[in-house]
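# Coordinates in review
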Amino acid sequence: MIQKTFRILLAPLIAVAAFCACERQIDFDYPPADMSVVFDGQISNEGVDVRISHTRPIGTKGKGEPVGDAQVWIADDEGKEEQLVYDDSRGCFTSATGLVGIPGHTYQMRAIVDGRQFEATSTMQGAAVVDTVYFRWIKAMSVKLYFYYVKGRDPRVNERQYALCRLMRGDELFRWTYRSGRGNVNGIFEYDIVCSTQKEMDDGIDEDGKIPLMEGDSISLELLTFDRPAWEFYQSLSSSERTTANPVTNIKGGAQGIFMAANITRPGTIVFNKEKAFNER
């Protein structure tokens, strides 16, 4: 069973805008837009998790409501197919038989939502090996930056590897970043994941309610290896946070989102202590 922290929540695909003047609020009449179907699907060495929702109309708040009345199947390249069941407590479709992904296999997700058919395929990669994790810091100009550092080995030395790094603080996503493996030498990777600046720690919770890295925080890493289409999705997802464009998708049929086969490595939890963080530069 995949834990609720397993999946990263997709960024909203349609932005919500509020416009204010100095003296009075200006109301806009937005043209109606058809709702799109959004997938956040994954098969991994830990199980299956497919979340389906609709985009929100412009001018509304909150997350899109999960869709529980769809039909979803997972098939592999050996001809095996399983229809997923909906877990209402988690708001996702999952396997009733404990289905897990196998490296080297290609998986197809097929779904019928609102009478429309969607599908996507993804090939599962080998697992990365993590050798070292710790916190480190550097001082750039007058800014003191704290990083989560991870060093390890790619599953295949002579092939480009694509990865997603998720830092979890307890059950909540804290930071995430993607890597293409372009600079890896002899299959060795070293990733620095920015956590917080000293000023952010001193200031505490910001005006958006975000909590910086704090003394005593327990941080765990989820390192996912996957194929290039999944990497392209996360690359464009990162860019879409600064633009109005939707992320690229591997879902056929007119939906948004991603379905991927991922191999997950979990090197364990470490506790942040400023006094024990390394200064290597």
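Scroll up to find the structure this text is about.
Residues numbered from 1 in each chain as written. Predicted model: local features only at pLDDT ≥ 70, side-chain atom pairs only at ≥ 80, totals over all residues. Heavy atoms only, no water.

## Some thoughts on unusual backbone geometry
To keep things clear, this is the line we draw: Labels follow the DSSP assignment, with helices taken as runs of H or I lasting at least four residues and strands as runs of E lasting at least two, numbered in each case from the N terminus. Using a 1.4 Å probe on the protein chains alone, a residue whose accessible area is under 20% of its type maximum counts as buried, one over 50% counts as exposed, and one in between counts as partly exposed.
With a phi angle near 55°, Asp-114 is a residue other than glycine that sits in the positive phi range. Looking at where Asp-114 falls in the secondary structure, it is placed in the loop between strand 7 (106-113) and strand 8 (116-123). Looking at Asp-114, the relative accessible area reads 54%, which means it is exposed. Of note in the backbone geometry, Asn-186 takes a positive phi value of approximately 55° without being a glycine. Looking at the element boundaries, Asn-186 is found in the loop between strand 12 (172-179) and strand 13 (188-197).

## Remarks on the sheet that holds strand 3 (residues 71-76)
Rules: When DSSP finds two or more bridges between a pair of strands, those strands are recorded as paired. For every element, the axis is a line fit to its C-alpha atoms; helices are fit only across the contacting stretch, and the angle between N-to-C directions ranges from 0 to 180 degrees.
Taking strand neighbours across the sheet as the criterion, the 4 strands line up as 4-3-7-8 in an open arrangement whose pairing is antiparallel. Both outer strands of the open sheet, strand 4 (81-83) and strand 8, are each paired with one neighbouring strand and no more. On average, each strand axis in the sheet is tilted by 15° relative to the strand beside it, whichever way the strands run. Both strand 3 and strand 4 contribute to a ladder of 3 bridges, which runs antiparallel. Paired with Trp-73 across the bridge in strand 4 is Gln-83.

## Details of the side chain of Asp-217
Cut-off, in case you're wondering: Counted as a polar contact is a pair of N or O atoms within 3.5 Å, where, for protein atoms, one must be capable of donating a hydrogen and the other of accepting one, and residues adjacent in sequence contribute only when both atoms are in side chains. Any two residues having at least one pair of non-hydrogen atoms within 4.5 Å are treated as being in contact.
With respect to the helices and strands, the residue Asp-217 is situated in the loop between helix 1 (198-203) and strand 14 (218-226). Within the structure, Asp-217 has its side chain in polar contact with the side chain of Arg-169 (distance 3.0 Å). Each residue touching Asp-217, except ones within four places of it in the same chain, is listed here: Arg-169, Pro-212, Ile-270, Val-271 and Phe-272.

Don't take any of this as a statement about function, it's just geometry.
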